[in-house]
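Each chain, written out:
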Amino acid sequence: MNKDIIQKVRDQSPLIHHLTNQVVMNFTANGLLSFGGTPIMAKAEEEAKDMASIADGILLNIGTITAQELPAMITAGKTANEKGIPVVLDPVGVAATPFRTSVVKEILNTVQPTVIKGNAGEIAHLVEIPWETKGVESIGDGNSVEIALKAAETYQTTAVVTGETDVICSENEYLSNNSGHPILEKITGAGCLLGSILTACLTTNEPIEQQVLTAVEFYGLVAEYAADYSEVSGPGTFLPHFIDALSFEVDKLEKLN
Amino acid sequence: MNKDIIQKVRDQSPLIHHLTNQVVMNFTANGLLSFGGTPIMAKAEEEAKDMASIADGILLNIGTITAQELPAMITAGKTANEKGIPVVLDPVGVAATPFRTSVVKEILNTVQPTVIKGNAGEIAHLVEIPWETKGVESIGDGNSVEIALKAAETYQTTAVVTGETDVICSENEYLSNNSGHPILEKITGAGCLLGSILTACLTTNEPIEQQVLTAVEFYGLVAEYAADYSEVSGPGTFLPHFIDALSFEVDKLEKLN
Amino acid sequence: MNKDIIQKVRDQSPLIHHLTNQVVMNFTANGLLSFGGTPIMAKAEEEAKDMASIADGILLNIGTITAQELPAMITAGKTANEKGIPVVLDPVGVAATPFRTSVVKEILNTVQPTVIKGNAGEIAHLVEIPWETKGVESIGDGNSVEIALKAAETYQTTAVVTGETDVICSENEYLSNNSGHPILEKITGAGCLLGSILTACLTTNEPIEQQVLTAVEFYGLVAEYAADYSEVSGPGTFLPHFIDALSFEVDKLEKLN
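What this report covers is the structure whose coordinates are included nearby. (Residues numbered from 1 in each chain as written. Chains lettered and ligands numbered in written order. Predicted model: local features only at pLDDT ≥ 70, side-chain atom pairs only at ≥ 80, totals over all residues. Heavy atoms only, no water.)

### Focus: the packing of aromatic side chains
Taken as a whole and assessed by the stated rule, the structure comprises 15 aromatic pairs over all chains. Ring geometry for Y225(C) and F248(C): centres 5.7 Å apart, planes at 85°, overall edge-to-face. Here the residue Y225(C) occupies a position in helix α9 (residues 208-227), and F248(C) occupies one in the loop between α10 (235-245) and α11 (250-254), the gap between them amounting to 23 residues. Measuring from ring centre to ring centre gives 5.2 Å for F238(C) and F242(C), while their planes differ by 20°; the resulting arrangement is stacked. Of this pair, F238(C) and F242(C) are both found in helix α10, four residues apart, which corresponds to roughly one turn of the helix. Its relative accessible area of 0% is what places F238(C) among the buried residues. A residue is classified by how much of its surface remains accessible, and F242(C), at 0% relative accessible area, is buried. Three or more aromatic residues joined by ring pairs form one cluster here, namely Y219(A), F238(A) and F242(A). Seen from the ring of F248(A), K252(A) lies directly overhead, with NZ or CZ sitting 3.9 Å from the centre. (Phe/Tyr/Trp six-rings, centres within 6.5 Å; stacked < 30°, edge-to-face > 60°. Helix = DSSP H or I, 4+ residues; strand = E, 2+ residues; numbered from the N terminus. Buried < 20%, exposed > 50% of the residue type's maximum accessible area, 1.4 Å probe, protein only. Lys NZ or Arg CZ within 6 Å of the ring centre and 35° of its normal.)

Below, the structure written as structure tokens:
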């Protein structure tokens, strides 16, 4: 982990414009605020270009997207590309329906994402690798690497495949991360908030692989730290500690281990 | 309570597709995840049929509905009827405006709900029984039974009238439940999350009256258990414990009493 | 602080109709419920007039507004004006984009707000006083008073400029409040929930300056009280205590100081 990246986010408090799903808006905003970033969430196409113009980074998350909401996402993403600010695409549930597949294809045809992040089933679907989407568990790390490499290559991007082991691929190199906690699977939007934290880290002036690795490693460490509180008895009591721990120094979080 | 129903939900982790209101999406998703189900929330009409096709149960909750969102609800409900999976209708605030009344009538004209759940004022409105909707308290259990029976008969469904005593009617028989805690009236979406837990219980292969009774009895027991923590000083500190307790074994919850 | 206002809200449990942003709906509903009011949140233009007709107060918050959602806001606001019930306008991020500016101007051209509340940057923008909107900190109290006075005069309303010192102006007099806690800046929707608490206080039959001052003073006191719990280690653990403390007696909250 590159602690300078975490510190830079906190020093600069980057403005991250979220076009994200309705389930996780509150959780994402509170998580990013605690981490040190500044969230904006706006949906109107009329202001998509203006909001993207004042932002330091853009998160596109299709979790509850409708046809009507797509143009604002595309406008925000294109504006980010023109300005040279990072764009993260989180293709939530892209394999579930043809509508989601077509939405993501349309975004990818017009916007160049800095990072695409998703679970193995989602990213596999984007690169047409067969993947068992029934069942929660990831089948194997070998496949995640294949999927991430193919996504990085196909979309000329950095691909992040989350799972028990997170895999990060950029062209022909890859990194992996093992921090994290199974309780994250029992809270809604754990992956969505990671997308926001990741976007914030991408606004720092550091090598992209370091930015992405730091974001996923830090996020997993925060989950481990929060889950370790003796008063945590499930996902409900985990959440407040998780939000808090996103604001903690890396040294404090690491002392646990 | 039929504990097998709770266990089956946890073993099968049914996929519940929610077309629900924006106020409670996060709370509902976290509550169902903790309980043992798998939530999906999608709104686009374009994918309503596809989402319903992969789901094990559907929840239709009109809390913040707009005219534009209605077709997706109807498509999802009709698909569920064709597939033979359960559909729960929660007609939130149906008595408040003519728009809500017309929305619910349109749903009921095209979708056969497995269960209709609501408070006495909502269900009374659906069966044109006069009901005092000003004031929070339910006037009497006698009326709730009359309302539930008439709703079950009119809509050929199982009707659940929630209140201090919950009444469950299916044709000419009825059951009642007294578990629960007044603090549920001080948190938003308590009834909405019950709709989600109920839908999950309906996906098990058990008699419907048992499924419904188990859902409401379990839910009330969870509230009693969570409210009993010494550190709970109001609805804010109740919520994390309530979410946690939805994941607990029935035996653990019952030890309190 | 006029404690009678707090008590009257709790005795009457006013119905506050919210047309507010998607980020804060759950938090706002839980906060107002805990405080003692009754929230409704509906978005459909078809029922805007009917909902406003049964409400005791209206909150218009443009946080995630789209062009499509504007007519319902205007209808609700106009209905409130006709009925003589209070309307609070929270022009969230109005300075950020021309779209937001035009939305707020359209509301102000058709609806007479009882109170306009916002931070210094938002209210300054409404009265065309230059204001540094980059950066989180307010520059000075002197300016806040000038901004609030000009807004009160321009829009014939009571203006509330929130900040380290909150300034309340009605025509040519002004009041200020210093209760509050910096942790409110680290949770999303702190200002939005204040708008809801404020609307509830406006439904009591007391002088408007007292209603507004009581709302902001009480809200800040609640934040101070909740932040003081030894187990609060950040915004995540603050939130449950903050929601709880909104339900406490003023005497209990004041004992802290």
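### Things to note about the pairing of strand β2 (residues 38-41) of chain C
All names here are of chain C. Across four bridges, the pairing between strand β1 (residues 15-19) and β2 is parallel. Paired with H17 across the strands is I40, a residue of β2. In this fold, β1 hands off to helix α2 (residues 25-35), which returns the chain to β2; that crossover is right-handed. (Pairing = 2+ DSSP bridges. Right-handed = clockwise from strand over helix to strand, strands pointing away.)

### Observations concerning empty space enclosed by the protein
Evaluated as defined, the whole model comprises five cavities of 30 Å³ or more. As for the largest cavity, its lining consists of 33 residues, of which N26(A), L239(A), N26(B), L239(B) and N26(C) are closest to the centre. (1 Å grid on protein atoms, 1.4 Å probe; cavity = no way out; pocket = protein on both sides within 12 Å on 5 of 7 lines; lining within 4 Å. Points joined across faces, edges and corners; volume = space filled by probe spheres on them.)

### Things to note about the interface of chain C and chain A
Of the residues lining the interface, 27 residues belong to chain C; the matching set on chain A comes to 24 residues. For the pairing of chain C and chain A, the buried interface totals around 2,000 Å² over both sides, and the portion due to carbon and sulfur atoms is 57%. Taken together, the connections running from chain C to chain A amount to one salt bridge. One salt bridge in this structure joins E47(A) and R100(C), with 2.7 Å as the shortest N-O distance. Counting across the chain C and chain A interface gives 11 residue pairs in polar contact (both at pLDDT 80 or more). Those elements that place two or more of their residues in the side of chain C that touches chain A are α5 (98-110) and α10 of chain C. Here the side of chain C that touches chain A gets five residues from one element, more than from any other, and that element is α10(C). (Contact = heavy atoms within 4.5 Å. Buried area = accessible area lost by both parts, 1.4 Å probe. Salt bridge = Lys/Arg side-chain N within 4 Å of Asp/Glu carboxyl O. Polar contact = N/O pair within 3.5 Å; in protein donor to acceptor, adjacent residues only side chain to side chain.)

### A look at the relation of the copies chain B and chain A
Expressed as a screw operation, the relation of chain B to chain A combines 0.0 Å of axial shift with a rotation of 120°, fitting to an RMSD of 0.0 Å. This pairing of chains is accounted for by a three-fold axis. If distances are taken from each C-alpha of chain B to the rotation axis, the shortest is found for Q22(B), at 3.9 Å. Little of the interface of chain B is mirrored in chain A, where only 12% of its interface residues again form contacts. (Least-squares fit on C-alpha atoms with pLDDT ≥ 70 in both.)

The quantities given are spatial measurements derived from coordinates; they are silent on function.
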